[in-house]
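Overview (structure and organization)
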Amino acid sequence: MSKLIIANWKMNPKTAREAVRLAKVEDKTGVVIAPPLAFIDVIRKTVRHAKIAAQNAAGEEKGPWTGEVSPAMLASLGVRYVILGHSERRMKLHETDADIAKKIVAALDVGLKVILCVGEPLSVRKKGTIAAKRFVKDQLSVDLKGIKNFKFQISNLVIAYEPVWAISTSGGGKETPEDAAAMAKNIREFVHFKLRISHFKLLYGGSVSGMNARGFLARKEFDGVLVGSASLKPKEFRKILRAGNR
Ligand code: 13P
């Protein structure tokens, strides 16, 4: 089965014109582009093969939530995926696991596919892999609480393991495909234990580049990669696409 390559542009690029140019490079089957909210509509109209993800959504259906965007609004624009629980939102915007749990239910409820990000910060990883595994299990335990007795399609749940210290803009440490795969196994076992499901997609994210993408994509534990900085550099992203046989 071909693997998923997700481009998380974060709060980039500066203009819609640049965004359209970038989207044309990345418009391939099996690619999901996550542009900033302001560009979602124009990018959705630009691409023919790639799917679109939002980088966040509210945990509420509608109402007095100035500045928020509901999952149903995103779905009505043709958005298929939503990234939830990204470490930047957890750490810089103080999103809690309880907030994320609510958002996951709200997104799945309208049929969006959720890309749930989990991963340990450097302070935890320094204590060793057992501490890191426990940290990620604790995140998952709360994040997935709401869907325990909730009916949804398993193919609508994607989990991305993104060790915070390996993200290029928050440490850029080097994670190896072997260590990441050990964590992936831990995640899969835990989700199976909690929800009795095992056929969900699991991705790796954190400084994925043209150089190392093949190593992660080749591992059977991973169904794809979540790419940040390299998704803003057409040359680099093309290499990642080639590593994924696109
Ligand atoms: P980088 O690829 O820049 O490390 O970012 C990873 C990430 O946060 C994707 O969601």
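This section reports on the structure supplied with the text. (Residues numbered from 1 in each chain as written. Predicted model: local features only at pLDDT ≥ 70, side-chain atom pairs only at ≥ 80, totals over all residues. Heavy atoms only, no water.)

**Considering the environment of leucine 22**
Relative to the helices and strands, leucine 22 resides in helix α1 (residues 16-26). Owing to a relative accessible area of 7%, leucine 22 belongs among the buried residues under this scheme. Setting aside chain neighbours within four positions, we find leucine 22 in contact with Trp9, Ser231, Leu232 and Pro234. (Helix = DSSP H or I, 4+ residues; strand = E, 2+ residues; numbered from the N terminus. Buried < 20%, exposed > 50% of the residue type's maximum accessible area, 1.4 Å probe, protein only. Contact = heavy atoms within 4.5 Å.)

**As for the pairing of strand β4 (residues 81-84)**
The side-chain alternation of β4 yields two buried faces, one formed by Tyr81 and Ile83 and the other by Val82 and Leu84. Relative to β4, strand β3 (residues 51-54) runs parallel, the two sharing two bridges. From the neighbouring strand, alanine 54 faces β4, where its bridge partner is valine 82. The parallel pair β3 and β4 is bridged by helix α3 (residues 71-76), and the resulting crossover is right-handed. Bridge count between β4 and strand β5 (residues 113-118): four bridges; the pairing is parallel. Pairing of leucine 84 across the sheet is with leucine 116, part of β5. (Pairing = 2+ DSSP bridges. Right-handed = clockwise from strand over helix to strand, strands pointing away.)

**Here's the deal with the packing of aromatic side chains**
Per the stated rule, a full pass over the model turns up four aromatic pairs. Note on tyrosine 204 and phenylalanine 216: the rings are 4.0 Å apart at their centroids and 5° apart in plane angle, and the pair reads as stacked. Placement of the pair is tyrosine 204 in strand β7 (residues 201-205) and phenylalanine 216 in helix α9 (residues 213-217), with a sequence separation of 12 residues. Taken together through their ring pairs, the aromatic side chains of Tyr161, Tyr204, Phe216 and Phe222 make up a single cluster. (Phe/Tyr/Trp six-rings, centres within 6.5 Å; stacked < 30°, edge-to-face > 60°.)

**As for a positive patch on the surface**
On the surface, Lys28, Arg214, Lys235, Arg238, Lys239 and Arg242 cluster together into a patch of positive charge. The element best represented in the positive patch is helix α10 (residues 234-243), accounting for four residues. Tracing the chain through its elements places arginine 242 in helix α10. (Patch = residues over 30% accessible without salt bridge, like charges linked within 9 Å, V, L, I, M, F, W, Y side chains within 5 Å. Areas by Shrake-Rupley, 256 points an atom, 1.4 Å probe, with all protein chains shown as cover. Salt bridge = Lys/Arg side-chain N within 4 Å of Asp/Glu carboxyl O. Lys, Arg positive; Asp, Glu negative; His and termini not counted. Charge placed at Lys NZ, Arg CZ, Asp CG, Glu CD.)

**Description of the pattern of salt bridges**
A full pass over the atoms with the stated rule returns 16 salt bridges. Notably, a salt bridge pairs aspartate 41 with arginine 44, separated by 3.9 Å at the nearest N-O pair. Of this pair, aspartate 41 and arginine 44 are both found in helix α2 (residues 40-46), three residues apart, which corresponds to roughly one turn of the helix. Classification of aspartate 41 as partly exposed rests on a relative accessible area of 27%. A salt bridge links arginine 125 to aspartate 179; its shortest N-O distance comes to 3.8 Å. Here the residue arginine 125 occupies a position in helix α6 (residues 122-125), and aspartate 179 occupies one in helix α8 (residues 177-195), the gap between them amounting to 54 residues. Residues joined in a network through salt bridges with shared partners are Glu120, Arg125, Glu175 and Asp179.

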